[in-house]
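Summary of structural features
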Amino acid sequence: MRMNYYPPCSSPDLVFGVSPHSDGGSLTVLLQDDDVIGLQIKHKGEWIPVKPIPNALVVNISDAIEIMSNGVYKSIEHRAITNEKKARISAAAFAHVDDELEIGPLDSMVDDPHRPPMYKKIKYIDYIRQVLARKMDGKDHTDLVKIQT
Ligand SMILES: O=C(O)CCC(=O)C(=O)O
Ligand SMILES: [Fe+2]
């Protein structure tokens with residue numbers, strides 16, 4: 001679990017709360033402040049604000065699901081922006097895969113030659129360690145396991 005606290009920021013145009021990234025696990029459940037918009041997702045090249053719905057949680061697909069679904073379900077690229085006047089908090093619960101499990105496209109998600117395997121197999125702990133060691137930079141970290149065509 002990660003608790004995020006974003007203090008008011010005098011230059012929200014220049015300072016991110018959290019840089020663009022996708023989460024490395026399987027699913028992320030996010031509780032966000034009801035009255036401060038901060039979370040944005042990337043959709044068709046545009047950043048879209050995720051307006052808080054009172055008493056609702058946000059559920060994001062993370063990288064392990066993208067890998068196991070052979071890219072059918074994509075992990076969502078997201079970021080948090082800051083607010084000039086108001087502080088914001090969020091709590092993210094990350095569902096992880098068993099450390100020792102080798103993840104890769106599930107047989108049922110591979111359909112050669114129409115949809116060949118698009119990700120390499122990797123032990124989950126090796127994947128998540130590499131992801132966490134990197135600077136957040138969009139979804140570039142998923143190149144670690146992508147099979148280049
Ligand atoms: O604060 C938010 O809305 C996003 C936080 C986040 O992306 C994370 O903790 O991984
Ligand atoms: Fe995140």
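Residues numbered from 1 in each chain as written. Chains lettered and ligands numbered in written order. Predicted model: local features only at pLDDT ≥ 70, side-chain atom pairs only at ≥ 80, totals over all residues. Heavy atoms only, no water.

Looking up the chain in an unreviewed UniProt entry gives the name Fe2OG dioxygenase domain-containing protein, with the organism given as Gossypium barbadense.

**What about the UniProt feature "domain: Fe2OG dioxygenase" (unreviewed entry) in the chain?**
Applied cut-off: UniProt positions are given in the numbering used here, feature names are shortened, and annotations may be inferred rather than shown by experiment. Under the scheme used here, helices are H or I runs from DSSP no shorter than 4 residues and strands are E runs no shorter than 2 residues, and both carry numbers assigned from the N terminus.
Mapped onto this structure's residue numbering, the UniProt feature "domain: Fe2OG dioxygenase" (unreviewed entry) falls at residues 1-97. In residues 1-97, the share of helix is 6% and the share of strand is 43%. The end C-alpha atoms are 14 Å apart.

**Quick look at the coordination of the iron ion (ligand 2)**
Definition in use: Think of the donor list as every N, O and S atom within 2.8 Å of the metal, or within 3.2 Å for Na, K and Ca; water never makes the list, so a site can look incomplete. Exposure classes here rest on a 1.4 Å probe applied to the protein chains alone. A residue is buried below 20% of its type maximum, exposed above 50%, and partly exposed in between.
Bound to the iron ion (ligand 2) on the protein side are H21 (NE2), D23 (OD) and H78 (NE2), at distances that span 2.1 to 2.3 Å. If you list the donors of the iron ion (ligand 2) from N- to C-terminus, the spacing comes out as H-x1-D-x54-H. Grouping residues by exposure puts H21 and D23 together as buried.

**Quick notes on the nonpolar core**
What counts is decided by this rule: To define a nonpolar core, start from buried Ala, Val, Leu, Ile, Met, Phe, Trp, Tyr and Cys residues and group those joined through side-chain atoms within 4.5 Å. When checking whether two residues touch, look at their non-hydrogen atoms; a contact exists if any pair is within 4.5 Å.
The biggest cluster of nonpolar side chains holds 13 residues, and the ones touching the most others in it are A64, I67, V97, I103, Y124, Y127 and V145. Once you skip the residues sitting within four places of it in the chain, Y124 turns out to touch G24, G25, A64, H96, V97, D98, D99, L101 and I103. Core analysis: the second largest hydrophobic core is formed by five residues, L30, L39, V50 and V58 among them.

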